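Chain and residue survey
Spelled out from the first residue to the last, the chains are:
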Amino acid sequence: MAGVRRLILLRHGQTDWNAGDRMQGQIDTELSDVGRRQAKTCAPDMATRDLIAIISSDLKRAHDTALAVADCAALPVALEPRLRETDLGEWEGMNHTEVDSLYPGARKAWRLNPEFTPPGGESKLQVGARALPVVHELLAEREDWPGRTIMLVAHGGLIAALTAALLELPEGNWPILGGLANTSWVQLTSHGPSIEQPGWRLDVWNAVAKVAPDVL
């Protein structure tokens, strides 16, 4: 793996809104007691020896998860607003039943079509487009990255959209990346010949034993 850049994308721990199937989007919810335990439990495994940077969404649920890893890794956490979760517009604050009642069939369309935009929100394609420059900047700026690991701590929708964008998946294939459980993680590695041709490969997806319930 010498010279290979490893990128870990870690989803935040559980919130009460996750447990209640409520649409969070960019509402700044906090970790539940379960979520704090999840963050503390996953942190030692996430704090690998070759980890050189931790960058987090500035939403509290992601930031607090990142801080748990940072405590084990003895690294600072850099906050990055471009790693926020999808803006879900009018859906934010509603539970799944309420969304389905007011917008029949819309959640299914949103999951299957990356161009679909929740009313007043943003599409998955837009989410990928805003997050992708974060990685491009790291490729350009972090000369110490080859052979080591950088971690982004964020949200399920953001992680799926960023992964699809990094892999340059055709839009019709974006839905193959299913949901992520709380504190599950994704690994991509860059094997390309240059920063301009990073050659991203997906090595690991949803690396926890529990499958996210909204996938089933």
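Residues numbered from 1 in each chain as written. Predicted model: local features only at pLDDT ≥ 70, side-chain atom pairs only at ≥ 80, totals over all residues. Heavy atoms only, no water.

Moving on to the overall build of the protein. When you go through the protein residue by residue, the secondary structure sums to seven helices and six strands. Ordered by position in the sequence, the α and β elements of the protein form the string β-α-α-β-α-β-α-α-α-β-α-β-β. Taken over C-alpha atoms, the radius of gyration comes to 17 Å for the protein, in line with the 17 Å a tight globule of 216 residues would show. Residues classed as buried in the protein amount to 47% of the 216 residues present. Sequence separation of 24 or more characterises 69% of the internal contacts of the protein that already satisfy a separation of 6 or more. When the accessible area of the protein is evaluated, it comes to approximately 10,100 Å², of which 51% is carbon and sulfur surface. Considering the protein, the positive charge centre built from 21 side chains and the negative charge centre built from 28 side chains are found 5 Å apart. (Helix = DSSP H or I, 4+ residues; strand = E, 2+ residues; numbered from the N terminus. Rg over C-alpha atoms; globule rule 2.2 N^0.38 Å. Buried < 20%, exposed > 50% of the residue type's maximum accessible area, 1.4 Å probe, protein only. Contact = heavy atoms within 4.5 Å. Areas by Shrake-Rupley, 256 points an atom, 1.4 Å probe, with all protein chains shown as cover. Lys, Arg positive; Asp, Glu negative; His and termini not counted. Charge placed at Lys NZ, Arg CZ, Asp CG, Glu CD.)

The next subject is the side chain of Arg6. Take Arg6: it is sitting in strand β1 (residues 5-11). Setting aside residues no more than four positions away along its own chain, Arg6 makes contact with Thr48, Asp50, Trp145, Arg148, Thr149, Ile150, Gln187, Leu188 and Thr189.

Residues spaced three or four apart along an α-helix point in a common direction, a consequence of the helix completing one turn every 3.6 residues. Across the 11 residues of helix α7 (residues 156-166), 10 count as buried, placing the element largely inside the fold. Listing the buried residues of α7 in full gives Gly156, Leu158, Ile159, Ala160, Ala161, Leu162, Thr163, Ala164, Ala165 and Leu166. Buried positions along α7 lie against β1, α6 (124-141), β4 (149-154), β5 (185-190) and β6 (200-204).

Okay, the pattern of salt bridges next. Scanning all chains against the criterion turns up 11 salt bridges. The closest approach of N and O atoms between Arg6 and Asp50, which form a salt bridge, is 3.5 Å. Of this pair, Arg6 sits in strand β1 while Asp50 sits in the loop between α2 (33-46) and β2 (51-56); the two residues are 44 residues apart in sequence, bridging distant segments of the chain. You can call Arg6 buried: its relative accessible area is 18%. (Salt bridge = Lys/Arg side-chain N within 4 Å of Asp/Glu carboxyl O.)

We now examine the nonpolar core. Judged by nonpolar contacts, the single largest core of 30 residues is most densely connected at Leu7, Val135, Trp145, Ile150, Leu152 and Leu162. Elements with a contribution of two residues or more to this core: β1, β2, α6, β4, α7 and β5. When neighbours within four sequence positions are excluded, Val135 is seen to be in contact with Leu7, Trp145, Leu152, Leu162, Leu166 and Trp200. Formed by 18 residues, the second largest nonpolar core is a distinct cluster that contains Ala47, Ala66, Ala68 and Val153. (Core = buried A, V, L, I, M, F, W, Y, C linked by side-chain atoms within 4.5 Å.)

One number sums up the size of the second largest pocket: a volume of about 220 Å³. For the lining of the second largest pocket, the elements supplying multiple residues, two or more each, are α6 and α7. A total of three residues in the lining of the second largest pocket trace back to one element, the largest contributor, which is α6. Here the lining of the second largest pocket is composed, by residue class, of eight nonpolar, two polar and two charged. (1 Å grid on protein atoms, 1.4 Å probe; cavity = no way out; pocket = protein on both sides within 12 Å on 5 of 7 lines; lining within 4 Å. Points joined across faces, edges and corners; volume = space filled by probe spheres on them. Nonpolar A, V, L, I, M, F, W, Y, C, P; charged D, E, K, R; others polar.)

Turning to the packing of α6 against α7, a few remarks are in order. Between two packed helices, what matters for the description is the angle formed by their axes and the separation of those axes. At a closest axis distance of 8 Å, the pairing of α6 and α7 adopts a crossing angle of 70°. Classified by the angle between their axes, α6 and α7 sit roughly perpendicular to one another. Each of Lys124, Val127, Gly128, Arg130, Ala131, Leu132 and Val135 in α6 lies in contact with α7, whose residues at this interface are Leu158, Ala161, Leu162, Ala165 and Leu166. (Axes fitted to C-alpha atoms, helices over the stretch in contact; angles between N-to-C directions. Parallel < 35°, antiparallel > 145°, perpendicular 65-115°, else oblique.)

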